[in-house]
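Working through the structure, step by step
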Amino acid sequence: METKNIMIVGVGGQGTLLTSRILGGITRKAGYDVKISEVHGMAQRGGSVVTYVRYGDKVAEPIVEEGCADVLIAFERLEALRYAHFLKKDGVLIVNDQRMDPMPVAIGAAEYPENIIENLKKKYDVVSVDAQGAALQIGNARVFNTVIIGVAAKRMDFAKEEWIRVIEETVPPKTVEINKRAFEAGYAL
């Protein structure tokens with residue numbers, strides 16, 4: 001199998017690392033060689049966090065090159081814009097339609113770009129979801145990342161039951177049920 005490349009981008013505290021562990025778990029269980037890399041940046045101060053998940057028959061390195069991502073999962077609009085150039089020509093961008101102002105915007109030194117998702121759709125295959133809203137509907141805003149995993153799962157070649165099993169094995173035990181509900185909500189979108 002040709003190596004598949006997934007990038008997860010977001011802001012510190014949004015669950016990018018947990019998401020990469022779930023993606024790594026599902027691909028490992030399927031028997032693939034998997035490499036995961038995390039780039040934290042200023043994660044604790046609301047800065048960008050990027051994780052890479054690469055899987056296939058034999059994966060040499062964990063980093064996804066520009067123009068090579070099959071799937072880009074963005075937990076926030078501006079992060080989607082910032083990393084969209086990593087998508088390959090037929091790649092898909094799954095973006096949580098949420099705005100989180102970075103520090104330069106918060107202090108008035110920069111402006112948050114307008115119409116990010118609309119502009120991205122002109123160039124890329126974009127799946128825009130209100131994962132935050134879906135997570136709130138099931139009772140816990142913090143599981144919005146698992147909602148997005150549910151959305152991404154429909155675009156990947158792994159059985160729904162396998163995703164649920166990996167979620168059960170990966171998330172903290174007291175959050176298993178809410179994360180399963182979040183996955184189901186995303187899968188239904």
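Residues numbered from 1 in each chain as written. Predicted model: local features only at pLDDT ≥ 70, side-chain atom pairs only at ≥ 80, totals over all residues. Heavy atoms only, no water.

**Observations regarding the layout of surface pockets**
Of the voids in this model, the largest pocket is the one considered here, and its volume is about 450 Å³. Lining the largest pocket are 23 residues, with G13, G15, L18, R142 and N145 positioned closest to its centre. Of all the secondary structure elements, the ones that give two or more residues to the lining of the largest pocket are helix 1 (16–29) and helix 6 (144–153). With 4 residues, helix 1 is the single largest residue contributor to the lining of the largest pocket. Considering only residue class, the lining of the largest pocket consists of 9 nonpolar, 12 polar and 2 charged. (1 Å grid on protein atoms, 1.4 Å probe; cavity = no way out; pocket = protein on both sides within 12 Å on 5 of 7 lines; lining within 4 Å. Points joined across faces, edges and corners; volume = space filled by probe spheres on them. Helix = DSSP H or I, 4+ residues; strand = E, 2+ residues; numbered from the N terminus. Nonpolar A, V, L, I, M, F, W, Y, C, P; charged D, E, K, R; others polar.)

**What about the sheet that holds strand 5 (residues 87–96)?**
Read from one edge of the open sheet, 6 strands run 2-3-1-4-5-6, paired in mixed fashion. Two strands bound the open sheet, and with one partner strand each, they are strand 2 (33–39) and strand 6 (125–129). Between one strand and the next, the sheet's axes are offset by a mean angle of 15°, whatever the strand orientation. In this structure, strand 1 (residues 4–11) lies alongside strand 4 (residues 69–74), joined through 4 bridges in parallel fashion. (Pairing = 2+ DSSP bridges. Axes fitted to C-alpha atoms, helices over the stretch in contact; angles between N-to-C directions.)

**Topic: the environment of G24**
Summarising the element assignment, G24 is placed in helix 1. Overall, G24 belongs to the buried group, its relative accessible area being 0%. Excluding anything up to four places from it in sequence, G24 contacts V34, I36 and V53. (Buried < 20%, exposed > 50% of the residue type's maximum accessible area, 1.4 Å probe, protein only. Contact = heavy atoms within 4.5 Å.)

**Quick look at the pattern of salt bridges**
For the structure on display, the rule yields 12 salt bridges. Residue D125 is joined to R155 by a salt bridge in which the shortest nitrogen-to-oxygen separation is 3.7 Å. Taken together, the residues D125 in strand 6 and R155 in the loop between helix 6 and helix 7 (160–170) connect sequence positions 30 residues apart. On the basis of relative accessibility, which here comes to 38%, the residue D125 falls in the partly exposed class. Residue R155 is classed as partly exposed on the basis of its relative accessible area, which comes to 43%. A cluster of three or more residues bridged by salt bridges with shared partners is formed by E2, D70 and K88. (Salt bridge = Lys/Arg side-chain N within 4 Å of Asp/Glu carboxyl O.)

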